[in-house]
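Take a look at the letters that make up each chain.
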Amino acid sequence: MAKEAWYINESELDDYQVQIIRRSLTSSFIVKGCAGSGKTVLALWRAKELSEQGVSSYLVIVFTKALKQFIQDGIHAIGVDESKVMYHWEWLHNGRPSADYIIIDEVQDFSREELQQLRDSARKHLILFGDSAQQVYAEMKDDLMTMEEIQVMTGIPMENLVKNHRLPKKIAKFAEELSSGVDPLAQRCYKEGPSKPIIMKCGSLLEQIEAIRQIVQSQRYTDVGILFASNIDVQFAKDACTKMGWKVEAKIGYGRDSMELNFTTTNPKLMTYHSSKGLQFEAVFIPNCHNYEDYLRNPLYVAATRTYRYLYLMYTGEMASVFRNIPPSLVEKISYNKKVPQAPF
């Protein structure tokens, strides 16, 4: 199946999205929206509009390098100057440049201090996009804020996106059970989806990776994300795939050489839950679902909402407690038989 485009044209925007892109160019505002509601698209649309009106002093700041890499096609499609789109570390290490307009995506993961730095760099207007349910750095930062707290801090009016354009309902119902909030995610979705999340029991992490390889190859998936809780697991999986002769790409750690993701290829992409923020894949695999700590709840929710068609969860031994209260009717459970995964594909 062809990769589903994350970037949408103006004719495809819903009424809530249109309302936001029609806001005055001389205004600051906050946009709160669930996973798949089009926040990143709208951030780029605002940059496009500013550019078309002759405004050259603007910056789009995204949180991760992976997200900047992922949205390259959208940046090029609408003609936004690529040099004006930065990930946060890049912005910091380029001397925290200022601009008349600062547009921030994934604002929920910027600390109060980081957001204040960005706010101080906006000479005229600050435009923020985010979702409290997708806050994934709470264990690393003690001064993160909800979208409502960000609104109070900045005094900027907030708009809401209501519709979800990515997630199938069958996946969204499952993701709702993982969320630490009470947002009725499934009610926002249009698509029913081809299958419920598939939970597969395997004998080890290595066996999980082999099962993933067999499924990807047998189903001919060409847009795959394999998401882990830690960089240690990403490295283990990358090494295992190399030994299998399976060509994959990985983002491991935070150093200059950590990124080898190329979103124009069909190679499966390996990364942490945190690095998957803002991305989407046809098929998402989440191994090691027997290992879980409470601080991973929101990151796990983010990982589960990256798919636009299929979701697979793999485990060894017993599933983590976070999954045990999920209604059995929301998932398909299978076992890996070391030869061919017997799954309801």
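Before reading further, recall that the structure is shown in the block above.
Residues numbered from 1 in each chain as written. Predicted model: local features only at pLDDT ≥ 70, side-chain atom pairs only at ≥ 80, totals over all residues. Heavy atoms only, no water.

Here we take up the side chain of S275. Along the chain, S275 falls in the loop between strand 10 (269-272) and strand 11 (281-286). Assessed through its relative accessible area of 7%, S275 is described here as buried. Among residues more than four places away in sequence, those in contact with S275 are T64, A66 and K251. (Helix = DSSP H or I, 4+ residues; strand = E, 2+ residues; numbered from the N terminus. Buried < 20%, exposed > 50% of the residue type's maximum accessible area, 1.4 Å probe, protein only. Contact = heavy atoms within 4.5 Å.)

This part covers the layout of surface pockets. Taken as a whole, the second largest pocket spans an internal volume of roughly 420 Å³. In terms of lining residues, the second largest pocket is bounded by 26 residues, among which W6, G36, G38, V41 and Q280 are the most central. Elements represented by at least two residues in the lining of the second largest pocket include exactly helix 2 (39-52) and helix 3 (65-70). (1 Å grid on protein atoms, 1.4 Å probe; cavity = no way out; pocket = protein on both sides within 12 Å on 5 of 7 lines; lining within 4 Å. Points joined across faces, edges and corners; volume = space filled by probe spheres on them.)

Moving on, we come to the pattern of salt bridges. Counted by the stated rule, this structure contains 13 salt bridges. The partner of K32 in a salt bridge is E148, and the shortest N-O contact between them spans 2.6 Å. Of this pair, K32 sits in strand 1 (residues 29-32) while E148 sits in helix 7 (residues 147-154), placing them 116 residues apart in sequence. K32 sits in the partly exposed class, given a relative accessible area of 25%. A salt bridge links K277 to D109, with the nearest nitrogen and oxygen atoms 2.4 Å apart. Highlighted residues: K277 in the loop between strand 10 and strand 11 and D109 in the loop between strand 4 (99-104) and helix 6 (112-121), separated in sequence by 168 residues. (Salt bridge = Lys/Arg side-chain N within 4 Å of Asp/Glu carboxyl O.)

Quick look at the packing of helix 8 (residues 169-178) against helix 11 (residues 297-304) now. Where helix 8 meets helix 11, the closest approach of the two axes is 9 Å, and the angle between their N-to-C directions is 175°. Taken together, the axis directions place helix 8 and helix 11 in an arrangement best described as roughly antiparallel. In this structure, helix 8 uses I171, A175, E177 and L178 to contact helix 11, whose residues at the interface are R297, L300, Y301 and A304. For the contact of helix 8 with helix 11, the residue count by class is six nonpolar, no polar and two charged. (Axes fitted to C-alpha atoms, helices over the stretch in contact; angles between N-to-C directions. Parallel < 35°, antiparallel > 145°, perpendicular 65-115°, else oblique. Nonpolar A, V, L, I, M, F, W, Y, C, P; charged D, E, K, R; others polar.)

Turning to helix 7, a few remarks are in order. Three or more residues of helix 7 are buried, namely M147, I150, M153 and T154. End-on view of helix 7: buried residues confined to an arc of 115°, all on one side of the axis. After helix 7 finishes, the residue G155 shows a positive phi value of roughly 70°. (Arc of directions from axis to C-beta.)

This structure, assessed with the given rule, holds two cavities of 30 Å³ or more. The calculated volume of the largest cavity comes to roughly 50 Å³. Around the largest cavity, the lining residues are K3, F70, T222, D223, V224, F263, T265, T266, N267, K269, Q280 and F281. Each residue belonging to the lining of the largest cavity can be placed in one class, and the counts come to four nonpolar, five polar and three charged. Taken as a whole, the second largest cavity encloses approximately 40 Å³ of empty space. Looking at the second largest cavity, the residues that line it are Y273, I286, N288, C289, N291, Y292, L296, L300 and F323. Grouping the constituent residues of the lining of the second largest cavity by class yields seven nonpolar, two polar and no charged.

Any two packed helices are characterised by how steeply their axes cross, that is the angle between the axes, and by the distance between the axes. In contact at an axis separation of 12 Å, helix 6 and helix 7 are set at 45° when each is read in the N-to-C sense. Between helix 6 and helix 7, the interaxial angle falls into the category oblique. For the element pair helix 6 and helix 7, the recorded crossing hand is right-handed. Facing R112, L115, Q116 and R119 of helix 6, the residues of helix 7 in contact are I150, M153 and T154. Along the lines of polarity and charge, the residues of the contact of helix 6 with helix 7 split into three nonpolar, two polar and two charged. (Left-handed = near helix turned anticlockwise from the far one by under 90°.)

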